[in-house]
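The chain contents come next:
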Amino acid sequence: MPKLQRVPEANVEYAYGIYLLSTKHRLIKTLRKRYKPSIHGDRAWGSSFLLMDYLSERGLKKGAKAAEIGCGWAGLSVFCARKFSARMTAMDLDPAVFPFVEVLADLNGVEVEQQKADFTKLKAVDLAPFNHIIGGDICFWDSLVQPLVRMTNRALKSGVESVIIADPGRPTFYEYCDQMASKHDTELQQWYASEPDRYEGEIVEVKLKKPKKTNKKQ
Ligand SMILES: C[S@@+](CC[C@H](N)C(=O)[O-])C[C@H]1O[C@@H](n2cnc3c(N)ncnc32)[C@H](O)[C@@H]1O
């Protein structure tokens, strides 16, 4: 059982060591009057909690450099910065998400770099500085599958150690996983998160295939 964590006021949630604000919180209501995310980046989605749980179990090297693509409010980046002192870049195509990212990062006392970026257009040179690329619920349209496949290929080729994507289990996500499995080391697992509520879904971790060891005698 996790330790009971009292929250300081109404509409504040606590999950995996970070504070989050619900859509009913007065600060979020105020931000929403001015900034209106338009590609679903309008809350912390369950897939980001799946990744918080997954990374709590699997770990991330202290100080690792990672990019969260399609970050929305970037709760996941805040979590990685807080728990692993990870150097996080939160990327999203929709600039209206960044004021929400700013508030969550401040609330949790961490720094998260923000970058307006279309993950389908990230080049090898943009991806190479990162150890990991992570993202929750970013493969939700048919039109996103092939670009995400190509971005993952470019990332792994440019030296990124792993690409980790979580999803509630959409057909588009499984299509991405199938294509990854035919080319790379791919681990697809059902996962659940227990904070702030129970969420179930899938997580895929993609890495470059290790070359097979040969048993040649010298
Ligand atoms: C369903 S939300 C998930 C947000 C966040 N990952 C989470 O789990 O809470 C999808 C996010 O992906 C962003 N997005 C959609 N297409 C994108 C693209 N091509 N490049 C970067 N971000 C994109 C949206 O703006 C939105 O913030």
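Above this text is the structure in question.
Residues numbered from 1 in each chain as written. Predicted model: local features only at pLDDT ≥ 70, side-chain atom pairs only at ≥ 80, totals over all residues. Heavy atoms only, no water.

Visitor: Would you mind going over the site of the ligand with me for this structure?
Guide: The immediate surroundings of the ligand are formed by 21 residues, with W45, G70, D92, D118 and G136 found nearest. G70 is positioned with one of its backbone polar atoms (N or O) 2.8 Å from a nitrogen atom of the ligand. Relative to its unbound accessible surface of 600 Å², the ligand loses 97% to contact with the protein. Its residues assigned to classes, the shell around the ligand shows 8 nonpolar, 7 polar and 6 charged. (Near = heavy atom within 4 Å. Polar contact = N/O pair within 3.5 Å; in protein donor to acceptor, adjacent residues only side chain to side chain. Areas by Shrake-Rupley, 256 points an atom, 1.4 Å probe, with all protein chains shown as cover. Nonpolar A, V, L, I, M, F, W, Y, C, P; charged D, E, K, R; others polar.)

Visitor: Looking at this structure, how should I read the nonpolar core?
Guide: Across soluble globular proteins, you tend to see nonpolar side chains buried next to one another. In this structure, L55, L76, F79, C80, M88, V112 and I203 are the most contacted members of the largest nonpolar core, which totals 44 residues. Excluding anything up to four places from it in sequence, C80 contacts L55, L60, S85, A86, M88 and I134. (Core = buried A, V, L, I, M, F, W, Y, C linked by side-chain atoms within 4.5 Å. Buried < 20%, exposed > 50% of the residue type's maximum accessible area, 1.4 Å probe, protein only. Contact = heavy atoms within 4.5 Å.)

Visitor: What should I look at first to understand the environment of K83 in this one?
Guide: Mapping K83 onto the fold places it in helix α3 (residues 75–84). Its relative accessible area of 46% is what places K83 among the partly exposed residues. (Helix = DSSP H or I, 4+ residues; strand = E, 2+ residues; numbered from the N terminus.)

Visitor: What's the story with the pattern of salt bridges in this structure? I'm lost.
Guide: When the charged atoms of two side chains lie near each other, side chains of opposite charge can form a pair. Inspection of the entire model under this criterion finds 9 salt bridges. Where D42 meets R43, a salt bridge forms, and the shortest distance between an N and an O atom there is 3.3 Å. Under the relative-accessibility criterion, R43 is labelled partly exposed at 37%. Among the salt bridges present, the one from R170 reaches D137, with a minimum N-O distance of 2.7 Å. On the criterion of sequence distance, the pair formed by R170 in the loop between β7 (162–167) and α7 (171–181) and D137 in the loop between β6 (132–136) and α6 (142–157) is long-range, its members being 33 residues apart. Owing to a relative accessible area of 11%, D137 belongs among the buried residues under this scheme. Each member of the salt-bridge network shares a partner with another, and the members are R58, E187, E205 and K207. (Salt bridge = Lys/Arg side-chain N within 4 Å of Asp/Glu carboxyl O.)

Interpretation in functional terms is not warranted from these geometric data alone.
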